[in-house]
Amino acid sequence: MRLGVNIDHVATIRQARKTVEPEPVYAALLAQEALADGITVHLREDRRHIQDSDVYQIKSVIKIPLNLEMSLNEEIVKIALDVKPHQATIVPENRQEITTEGGLDVAAKFERVKDITKKLKDSGIIVSLFIDPVEGQVDEAKNAGADAVEFHTGGYANAKSGREREIELEKLVNACKYAKSLGLHVHAGHGLAYENVKPVAAIEEIEELNIGHSIIAKSVFIGLKEAIRLMRQLIQEARWKLV
Ligand code: PXP
């Protein structure tokens, strides 16, 4: 299973003072040294954390894949086509939200999603759609031409009770199996943390997890490389159980 480390919140700290540190590109290089499989950044329309220059800089120095999270906004699409990340993950975006609240409603924006997916793919970029773990969305993602889906794990991560968590996990498991049966690559992320990652990491169909906030939060106390190492260890322990 690949671990994509989302470094947006390194930029959040920098932007809190609108200064030059801490540098996301340095975090990307450290994550690479810590054997992260990829770097994920979300270039939001409001540029609240990652800036355009970060994306270009990170892409030019890292040797591991860059996964660019992006909305369907025309300006952002133009930047994606110029940067040519290894992978683009299309996410919904709402200016008021603290973080991405739900998956993309592919059916509601079908023609636009299909068009952007084609443009990105024609440019050699792998396209993943960030969706809720719902069969109808998986069908639409497949019809739109996506290579992969990333399932929003927020429902699972934010469950208020053990029972609710079990239900959300079951939804994820079923959606993962369904997506794989349609030939889609399966990713997952959002709200995953040291305490809750293992049951998700144990879902066999998932090939990639994208994790940000909890790793960056932990790195404040133990350093980024150690925080990544610990997360990777938990994921590995969950995967070993499958062998
Ligand atoms: N995957 C996607 C598509 C996201 O939008 C985010 C948040 O930027 C993440 C994964 C990572 O979520 P978290 O920061 O909660 O780990």
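Computed from a predicted structure; not experimentally measured. (Residues numbered from 1 in each chain as written. Predicted model: local features only at pLDDT ≥ 70, side-chain atom pairs only at ≥ 80, totals over all residues. Heavy atoms only, no water.)

**Some words on the overall build of the chain**
- A tally of helices and strands in the chain yields eleven helices and eight strands.
- Computed over its C-alpha atoms, the radius of gyration of the chain comes to 17 Å, within 12% of the 18 Å expected for a compact globule of 243 residues.
- Considering only C-alpha atoms, the chain reaches an extent of 45 × 40 × 35 Å along its principal axes.
- Scored against the burial criterion, the 243 residues of the chain give a buried share of 50%.
- Across the chain, contacts joining residues at least 24 apart in sequence account for 67% of those joining residues at least 6 apart.
- Looking at the chain as shown, the accessible area adds up to about 11400 Å², and 52% of this sits on carbon and sulfur atoms.
- Treating the 32 positive side-chain charges of the chain as one cloud and the 37 negative ones as another, the clouds have centres 3 Å apart. (Helix = DSSP H or I, 4+ residues; strand = E, 2+ residues; numbered from the N terminus. Rg over C-alpha atoms; globule rule 2.2 N^0.38 Å. Buried < 20%, exposed > 50% of the residue type's maximum accessible area, 1.4 Å probe, protein only. Contact = heavy atoms within 4.5 Å. Areas by Shrake-Rupley, 256 points an atom, 1.4 Å probe, with all protein chains shown as cover. Lys, Arg positive; Asp, Glu negative; His and termini not counted. Charge placed at Lys NZ, Arg CZ, Asp CG, Glu CD.)

**What about the packing of helix α4 (residues 74–83) against helix α5 (residues 110–122)?**
- In the contact formed by α4 and α5, the axes pass within 10 Å of each other and the chain directions differ by 20 degrees. Taken together, the axes of α4 and α5 lie roughly parallel to each other. Crossing geometry of α4 relative to α5 is assigned as right-handed. Within the contact between the two elements, α4 uses Glu-74, Val-77, Ala-80 and Leu-81 and α5 uses Arg-112, Ile-116, Lys-119 and Leu-120.
- Residue classes in the contact of α4 with α5 are distributed as five nonpolar, no polar and three charged. (Axes fitted to C-alpha atoms, helices over the stretch in contact; angles between N-to-C directions. Parallel < 35°, antiparallel > 145°, perpendicular 65-115°, else oblique. Left-handed = near helix turned anticlockwise from the far one by under 90°. Nonpolar A, V, L, I, M, F, W, Y, C, P; charged D, E, K, R; others polar.)

**Let's talk about the site of the ligand**
- With respect to spatial proximity, 14 residues lie near the ligand, and among them Glu-69, Glu-150, Gly-191, Gly-212 and His-213 are the closest.
- A distance of 2.8 Å separates an oxygen atom of the ligand from a polar backbone atom of Gly-191.
- His-213 places a main-chain nitrogen or oxygen 2.9 Å from an oxygen atom of the ligand.
- In isolation the ligand has 400 Å² of accessible area, and contact with the protein removes 94% of it.
- Residues of the shell around the ligand, tallied by class, amount to three nonpolar, eight polar and three charged. (Near = heavy atom within 4 Å. Polar contact = N/O pair within 3.5 Å; in protein donor to acceptor, adjacent residues only side chain to side chain.)

**Focus on helix α2 (residues 24–33)**
- Burial of α2 is extensive: seven of the ten residues sit out of reach of the surface.
- For α2, the full list of buried residues reads Pro-24, Val-25, Ala-27, Ala-28, Leu-30, Ala-31 and Gln-32.
- Where the residues of α2 are buried, they touch α1 (8–17), β2 (38–42), α3 (52–61) and α11 (224–240).

**A closer look at the environment of Pro-199**
- Tracing the sequence through the fold places Pro-199 in helix α9 (residues 197–201).
- For Pro-199, a relative accessible area of 34% gives the class partly exposed.
- Put simply, Pro-199 and His-42 are 157 residues apart on the chain and 25 Å apart in space, counted from C-alpha to C-alpha.
- Excluding residues that lie within four positions of it along the chain, Pro-199 makes contacts with Tyr-156 and Leu-169.

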